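What follows is each chain in one-letter form.
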Amino acid sequence: MLINKTRNIFHYMKIDKIKNVFGNFKEKLLSPFKQDFYYFLLQWIVFSCPVCIFNVLLGNYIYALYVMLCCYLMTYMLAFFLGLSRKIGIFFRGLIYAFSSIYMIVVLYCFFVYGGSFYNDLGQIIAGTNQHEIKEYLQTFISWKEILWFVGVGTGCTFAYIGAISTKMKNHHIWKASFVVLLLAIGALCHNPMVLHDVWTSYTFVWRFQSEQVVDLREHMTHPQVSKSGSSCPETIVIIIGESFSASHSSLYGYKKLTNPCLEQKQKHGSLIVFNQVQSPCCYTTEVFKYILNTKLVDVEEKEPWYDYPNIIEVAHNMSYYCSWFSCQEETGLFDNLPSSFSKLCDESHFLERDAVGNKYDGGLSNLHPKKNHRMNMIFYHLMGQHESFRSRYPNEFEQFRKEDYENFPEHQRDILASYDNATLYNDYVVNAIMDLYQNKDAVVFYFSDHALDIFDTDSNYFGHAKMNEKSQTVGKQIPFIIYITPIFQENHAVMVERMKSAVNSPFNTDKLIYAVMDIANYRFANNDDVSKYSPFRN
């Protein structure tokens, strides 16, 4: 009898222990809904908002629901693990909320201003540039209205957080509905696990974006094999890469104001060839440089990263050219500067920022050329061009256009249009001066802009990098593309000159620049016929 009673006692003790363990586990499992429900709800909104906006922009409304359920599960997991230790959880809970709410605020700003998400616009402009350009961006585009907006929304998020962590849920039955939604979220994630990848990608884009830029091209040499396809080869090839120049503001392309007087003179004398249907591959400098100096094509889906494609400098070395890089842009950015990575492949490079006095205008480049005499030269000039802010791009003596000259435009556009056209006028002077450095050589000089801008073209209240819509993106890719041919070049390469002139109305994208250069130099790749296929002078 005693033994049986003892067994029953231990049996019930064991059951009670199991019940206690299960009860504790149940309480922990439901704690995000019972103890921290309002924080849970607020964090879910903040987490899901940025990614949902991106999918709504693309018209993926059903997928946006999947995203919301995925963020619901992620928020639950976060709240669950932070709830295991209240002291640690309180600190990290506030930290995570702060970062995610800042991210949400910036996404909302980009949505209303650019019509795009953070990682398609502002992230690439700021993260891929340098501190000086960030300052100019903020001074140019962030007004007191935007500052008040950020402060107001940020304050609202702060008070919402304080209210969420200090308010307890009184309706204790609501956790049942919340738990049902959690089960739906798990089911949705099992049905479409790629949603988790997309959500994670959206929050890590800026950091992954930077990892793609911090590349030493010397560690990714492709050693392309080239062969000569003709006898004539120009001694000097110059490539001038401009910045933010819209063809619609060039008098070479029919703009009513005389913004390109120097280059127009060269055109009248027959030494400047103007191409009429040229586009850039992208609307942002960092993205553009992934295409214009190598064989990667924007309209061809290939898995290899941009730095694993043969680039123009490697090819130039194989064609026996001495390569030089001269730049008015800064050598390093906030993390790195993708364009300058190409300079490290050149035989020599010079950045105006290195000068003791410094030269903030592109005119300083017109005095730079290879230090030593080499029979064969390929020279790159990278300008600041018409980069925002426009008024900082030219000296006072080039302030020819004033707001009074734009009476047919709304008042708020006049100063900006005048500054942009003055920057274009100064750019004309600089490009012309660089071309004149080589007028007595067997030389061909390319000039084009990395991308264009949307200068009130699609929105009367907006100017800057193209927005994330088709119309603005089209405007943001319409760039000038011109070639200067010296008298000696015209004499030595008459057939090529005729081919270039006959191609002025042919559509061309600057992602195929390398093929145009190789065609002029009479070289081809040894293992393919891509030069004949993609050069604009073969049509």
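Okay, so let's go over this structure. Starting afresh in each chain, residues are numbered from 1 along the sequence in its written order. Where totals are concerned, whole chains, interfaces and linings use all residues; where local detail is concerned, this predicted model gives features only for residues with pLDDT of at least 70, and gives and counts side-chain atom pairs only at 80 or more. As a rule here, side-chain values cover all heavy atoms of the structure and leave hydrogens and water aside.

A word on helix 7 (residues 144-166). Where helices and strands are cited, they refer to DSSP runs of H or I of at least four residues and of E of at least two residues respectively, numbered from the N terminus. By definition here, a helix of n residues has an expected span of 1.5 Å times n minus one. Here helix 7 is 23 residues long and its end C-alpha atoms lie 33 Å apart, about the 33 Å a rise of 1.5 Å per residue gives. Turning to helix 7, its buried residues are Glu146, Gly154, Cys157, Tyr161 and Ala164. Only protein chains enter the accessibility calculation, which uses a 1.4 Å probe. A residue is then buried if its area is under 20% of the maximum for its type, exposed if over 50%, and partly exposed in between.

A separate point is the pattern of salt bridges. Basic side-chain nitrogens of Lys or Arg form a salt bridge, by our definition, when they fall within 4 Å of a carboxyl oxygen of Asp or Glu. The final tally for this structure, using the stated rule, is 11 salt bridges. Salt-bridge contacts for Lys467 lead to Asp459; the nearest nitrogen and oxygen are separated by 2.8 Å. On the accessibility criterion, Asp459 (23% relative accessible area) is partly exposed. In this structure, Arg538 and Asp519 form a salt bridge, with 3.0 Å as the shortest nitrogen-oxygen distance. Of this pair, Arg538 sits in the segment after helix 19 (530-534) while Asp519 sits in helix 18 (residues 513-520), placing them 19 residues apart in sequence. Judged by relative accessible area, which is 36%, Arg538 ranks as partly exposed. The exposure class assigned to Asp519 is buried, which follows from its relative accessible area of 0%.

The pairing criterion for strands is at least two bridges between them, as found by DSSP. The strand order across the open sheet built from seven strands is 3-11-8-2-7-5-6, with neighbouring strands paired in mixed fashion. A single partner strand is all that each edge strand has here, and the edge strands are strand 3 (272-275) and strand 6 (348-351). Between one strand axis and the next, the sheet turns through 15 degrees on average, direction left out of account. With four bridges connecting them, strand 3 and strand 11 (residues 481-485) associate as antiparallel partners. What sits directly across from Val274, in strand 11, is Ile482. Whether two residues are in contact is decided by their heavy atoms, any of which lying within 4.5 Å being enough. Every axis corresponds to a line fitted to the C-alpha atoms, with the helix fit spanning only the stretch in contact, and the corresponding angles, defined between N-to-C directions, vary from 0 to 180 degrees. Contacts between helix 14 (residues 411-436) and the sheet are confined to strand 2 (236-242), strand 3, strand 7 (377-382), strand 8 (443-449) and strand 11, with strand 8 contributing the most and set at about 160 degrees to the helix.

It is worth spelling out the side chain of Ser246 at this point. Tracing the backbone shows Ser246 in the loop between strand 2 and helix 10 (261-268). Those residues in contact with Ser246 that lie beyond four places of it in its chain are Tyr420, Ala452, Leu453, Gln478 and Pro480.

Moving on, we come to the pairing of strand 2. Counting buried positions along strand 2 gives seven out of seven residues, so the element sits mostly inside the fold. In strand 2, alternate side chains face the same way, and those of Thr236, Val238, Ile240 and Gly242 on one face and Ile237, Ile239 and Ile241 on the other are all buried. Two strands pair when backbone bridges link them, and strand 2 and strand 8 are joined in this way by seven bridges, in the parallel orientation. In the sheet register, Gly242 faces strand 8, and the bridge partner there is Ser449.

A general feature of soluble globular proteins is that nonpolar side chains tend to end up buried together. Of all hydrophobic cores here, the largest spans 62 residues; its most connected members are Ile239, Phe275, Leu293, Met378, Phe446 and Met500. Aside from chain neighbours lying at most four places away, what touches Leu293 is Ile241, Asn311, Ile312, Trp325, Phe342, Phe380 and Leu513. As used in this record, nonpolar core signifies buried Ala, Val, Leu, Ile, Met, Phe, Trp, Tyr and Cys residues forming a set joined through side-chain atoms within 4.5 Å. Judged by nonpolar contacts, the second largest core, of 43 residues, contains Leu252, Leu365, Phe456 and Phe463.

Turning our eyes to something else, we now look at the packing of aromatic side chains. How two aromatic rings sit relative to each other is given by the distance of their centres and the angle of their planes. Aromatic pairing here means that ring centres of Phe, Tyr or Trp (its six-membered ring) are within 6.5 Å. Orientation follows from the plane angle: under 30 degrees is stacked, over 60 is edge-to-face, and everything else is tilted. In the structure shown here, the tally under the stated rule is 26 aromatic pairs. Between the aromatic rings of Trp44 and Tyr72, the centroid separation amounts to 5.1 Å while the plane-to-plane angle is 90 degrees, which identifies the pairing as edge-to-face. Taken together, the residues span a long stretch of sequence, with Trp44 in helix 2 (residues 37-57) and Tyr72 in helix 3 (residues 61-82) at a distance of 28 residues. Like Tyr72, Trp44 is buried. Here the aromatic cluster, defined as three or more aromatic residues joined through ring pairs, consists of Phe275, Phe446, Phe448, Phe481, Phe508 and Phe537. Charge-over-ring placement is defined geometrically: NZ (Lys) or CZ (Arg) within 6 Å of the ring centre, and within 35 degrees of the ring normal. Its end group placed over the ring of Tyr39, Arg93 keeps NZ or CZ at 4.9 Å from the ring centre. Note that Lys266 overlies the ring of Tyr484, its terminal NZ or CZ placed 5.3 Å from the centroid.

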